[in-house]
Amino acid sequence: MKNLPHMALIAALGVAACSAAPASTEAASADTAKLDASGAQPATPLAEAPFTVKEVASFNEPWAMAFVPGTRAALVTERSGKLKLWQESGPTLDVAGVPAVAYGGQGGFGDVIVAPDFQASGTIYLSWVEAGADKTYGAVVGKAKLKQGAAPTLEGLQVIWKQDPKVTGQGHFSHRLAFSPDGKYLFIGSGERQKFDPAQDMKANLGKILRLNPDGSIPADNPFASAGGVTAQIWSLGHRNILGLAFDGTGKLWNQEMGPKGGDEVNLVEAKANYGYPIVSNGDHYDGKDIPDHPTRPEFAAPKLWWNPSVSPAGLVWYGGDLYPGWKNSLLMGALSGAGLVRMAIDGDKLHKSDRWDFQDRIREVEVRDDGSIWLLTDGDGGKLVKLVPKR
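A. A look at the nonpolar core. If you look at the biggest cluster of nonpolar residues, it comprises 24 residues, and the most contacted ones within it are Leu75, Leu83, Ile124, Leu126 and Leu154. Counting 19 residues, the second largest nonpolar core, distinct from the first, contains Ile160, Phe179, Leu186 and Phe224.

Put into structure tokens, the structure is as follows:
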């Protein structure tokens with residue numbers, strides 16, 4: 001069983017959680033170091049945050065968003081199968097030409113990102129869930145050209161990747177997407193589909209982070225390229241439910257994933273690394289059965305931060321702007337069951353638990369616009385697009 005901190009320790013660490021984070025070039029304080037090493041992170045009331053929350057628009061079960069370069073518009077996926085084009089100075093429009101999705105459980109429309117060369121090509125990438133034979137399901141990734149205007153539409157939609165194998169159940173698809181900073185590689189988070197063992201199975205691309213070329217082909221220098229098949233796609237393994245991928249300003253790839261009970265984590269993703277699930281985790285099975293902690297198996301890569309009680313992470317973005325004092329070079333992560341926003345300061349290859357704000361609302365997505373402003377999507381039928389407005 002996991003050793004939870006005493007309530008007195010949690011209270012003491014709460015003070016550290018509410019204070020400003022150390023700069024990325026400074027060592028963490030003793031209190032912050034204890035907080036980072038534990039599963040604890042007390043939440044701060046939203047009234048004490050250095051921003052106010054401005055509600056901008058409403059959506060039906062929004063899941064992901066991407067700002068459209070060169071505009072003041074954003075693409076928003078709704079899990080039931082719609083792609084919306086939100087415009088800051090105009091109506092929110094339905095985008096035509098979207099794929100049919102298998103909606104149910106955790107399945108449906110997933111991520112949306114723009115290609116690195118979007119302003120020249122108009123290409124966007126989408127993920128969604130499709131049905132297979134015998135009541136099986138799997139995530140897929142496709143690319144298409146976005147034609148903007150009064151009647152936006154997708155043209156030339158092409159599927160470039162699929163979860164393999166398709167399995168029963170409608171959970172843990174993950175299907176998060178991110179391009180490397182140089183624009184050469186597409187990274188895909190693929191969940192283990194609540195089946196545990198596929199995360200360690202090198203002949204399945206479930207429970208893995210995959211690395212592809214933008215057209216879906218496999219880079220020759222992938223760590224397992226010589227093995228062929230889906231194995232050649234694999235960049236890292238031993239993951240559970242990856243709901244956020246983000247590159248920081250130095251090119252390091254981070255992921256967050258929803259762990260088992262009391263085992264949510266953020267990882268620094270390295271090629272060929274095995275993050276241990278389901279063999280190790282800092283959480284336990286939901287039926288109460290123990291899972292050995294990461295320190296018991298040092299051959300597996302350990303998380304940089306973890307949370308117990310769980311916060312249910314969703315959405316992850318790197319912040320390199322100056323609008324919010326003290327936030328430069330941080331990761332920002334939404335929380336579903338944790339009903340808020342988490343900020344983590346990057347310190348080389350380490351992370352510090354800097355802030356956690358209690359929104360009393362499930363945060364599904366976090367994005368940064370090119371002007372440095374931070375935007376969130378709240379979860380559910382009445383999901384909102386909100387902007388964080390810095391306090392002056």
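We are not done yet, so read on.
B. The pairing of strand 3 (residues 62-67), seen in detail. Counting buried positions along strand 3 gives 6 out of 6 residues, so the element sits mostly inside the fold. Pairing of strand 3 with strand 4 (residues 73-78), which is carried by 5 bridges, proceeds in the antiparallel orientation. When the sheet's bridge partners are listed, methionine 65 is paired in strand 4 with valine 76. Joining the antiparallel neighbours strand 3 and strand 4 is a turn of 5 residues, in which glycine 70 adopts a positive phi near 80°.

C. Fine view of the pattern of salt bridges. Throughout the structure, instances matching the rule amount to 18 salt bridges. With its nearest N and O atoms 3.9 Å apart, the salt bridge here joins lysine 384 to glutamate 55. Placement of the pair is lysine 384 in strand 26 (residues 383-390) and glutamate 55 in strand 2 (residues 51-59), with a sequence separation of 329 residues. With relative accessibility at 25%, the residue lysine 384 sits in the partly exposed group. For arginine 364, the salt bridge is made with aspartate 379, and the minimal N-O distance between the two is 3.0 Å. In this pair, arginine 364 is assigned in strand 24 (residues 363-368) and aspartate 379 in the loop between strand 25 (374-378) and strand 26, connecting sequence segments 15 residues apart. Here arginine 364 matches aspartate 379 in class, with each residue buried. Through salt bridges with shared partners, a single network forms among Glu88, Arg369 and Asp371.

D. Focus on the side chain of glutamine 163. Of note, glutamine 163 is situated in the loop between strand 10 (153-162) and strand 11 (167-168). A distance of 3.1 Å separates a polar side-chain atom of glutamine 163 from the backbone oxygen of phenylalanine 173. Beyond its immediate chain neighbours, meaning those up to four positions away, glutamine 163 contacts Gly138, Ala139, Phe173, Ser190, Gly191, Arg193, Asn205 and Leu206.

E. Examining the pairing of strand 7 (residues 109-114) more closely. Burial analysis of strand 7 places 5 of its 6 residues in the buried class, which makes it a mostly covered element. For strand 7 and strand 8 (residues 123-131), the ladder comprises 4 bridges, and the chain directions are antiparallel. In the sheet register, phenylalanine 109 faces strand 8, and the bridge partner there is tryptophan 128.

F. A look at the sheet that holds strand 25. Taken together, the 4 strands give an open sheet; going across it, the order is 2-26-25-24, and neighbouring strands pair in antiparallel fashion. Looking at the sheet topology across the chains shown, the edges are occupied by strand 2 and strand 24. On average, adjacent strands in this sheet sit at an angle of 25° to one another, irrespective of strand direction. Where strand 25 and strand 26 come together, 4 bridges link them in antiparallel fashion.

G. Structural view of the environment of glycine 259. Position of glycine 259 among the secondary structure elements: in the loop between strand 17 (253-258) and strand 18 (264-269). When the C-alpha atoms of glycine 259 and valine 368 are compared, they prove to be 25 Å apart, with 109 residues separating the residues in sequence. Look past the residues within four positions of glycine 259 in its chain and what remains in contact with it is Arg240, Asp264 and Tyr286.

H. Structural context of the sheet that holds strand 14 (residues 208-212). The strand order across the open sheet formed by 4 strands is 12-13-14-15, and the pairing between neighbours is antiparallel. The sheet terminates laterally at strand 12 (174-179) and strand 15 (234-237), the two strands that pair on one side only. Taken over all neighbouring pairs, the strand axes of this sheet differ in orientation by 20° on average, direction set aside. Where strand 12 meets strand 13 (residues 186-190), 5 bridges bridge the pair, whose relative direction is antiparallel. If you follow leucine 177 over to strand 13, its bridge partner there is isoleucine 188.

I. Quick peek at unusual backbone geometry. Aspartate 164 connects to proline 165 through a cis peptide bond whose omega is 10°. Geometrically, the link from tyrosine 277 to proline 278 is a cis peptide bond, its omega value of 0° lying close to zero. Among the secondary structure elements, proline 278 is positioned in the loop between strand 18 and strand 19 (305-307). The phi dihedral of serine 312 falls on the positive side, at around 60°, and the residue is not glycine. Note on placement: serine 312 falls in the loop between strand 19 and strand 20 (313-319).

J. Examining the packing of aromatic side chains more closely. Per the stated rule, a full pass over the model turns up 13 aromatic pairs. Considering the side-chain rings of phenylalanine 67 and tryptophan 375, the 5.6 Å spacing of their centres and the 70° angle between planes classify their relative orientation as edge-to-face. You can see phenylalanine 67 sitting in strand 3 and its partner tryptophan 375 sitting in strand 25, a full 308 residues away along the chain. Arranged with centres 6.4 Å apart and planes meeting at 85°, the rings of tyrosine 319 and tryptophan 327 form a pair that is edge-to-face.

Procedures and definitions
- Each chain has its residues counted from 1, running along the sequence as written.
- Restriction of local features to residues with pLDDT of at least 70 applies here, the model being predicted, together with a cutoff of 80 or more for giving and counting side-chain atom pairs; totals for whole chains, interfaces and linings are based on all residues.
- Values reported for side chains reflect all heavy atoms of the structure, with hydrogen atoms and water molecules removed beforehand.
- Only buried Ala, Val, Leu, Ile, Met, Phe, Trp, Tyr and Cys residues count toward a nonpolar core, and they belong to the same one when joined by side-chain atoms within 4.5 Å.
- Exposure classes here rest on a 1.4 Å probe applied to the protein chains alone. A residue is buried below 20% of its type maximum, exposed above 50%, and partly exposed in between.
- Numbering of helices and strands runs from the N terminus; a helix is a DSSP stretch of H or I covering at least four residues, while a strand is a stretch of E covering at least two.
- The pairing criterion for strands is at least two bridges between them, as found by DSSP.
- For this document, the term salt bridge refers to a Lys or Arg side-chain nitrogen within 4 Å of an Asp or Glu carboxyl oxygen.
- Each polar contact in these results corresponds to two N or O atoms within 3.5 Å; when the atoms are within protein, one needs to be able to donate a hydrogen and the other to accept it, and residues that are neighboring in sequence are counted only if both atoms are side-chain atoms.
- Here, residues are in contact when the closest pair of their heavy atoms is within 4.5 Å.
- Helix axes are fitted only over the stretch in contact, all axes being lines through C-alpha atoms; the angle between N-to-C directions runs from 0 to 180 degrees.
- In summary, the pairing rule links any two rings of Phe, Tyr or Trp, Trp by its six-membered ring, whose centres are within 6.5 Å, and it sorts them by plane angle into stacked for under 30 degrees, edge-to-face for over 60 and tilted for everything else.

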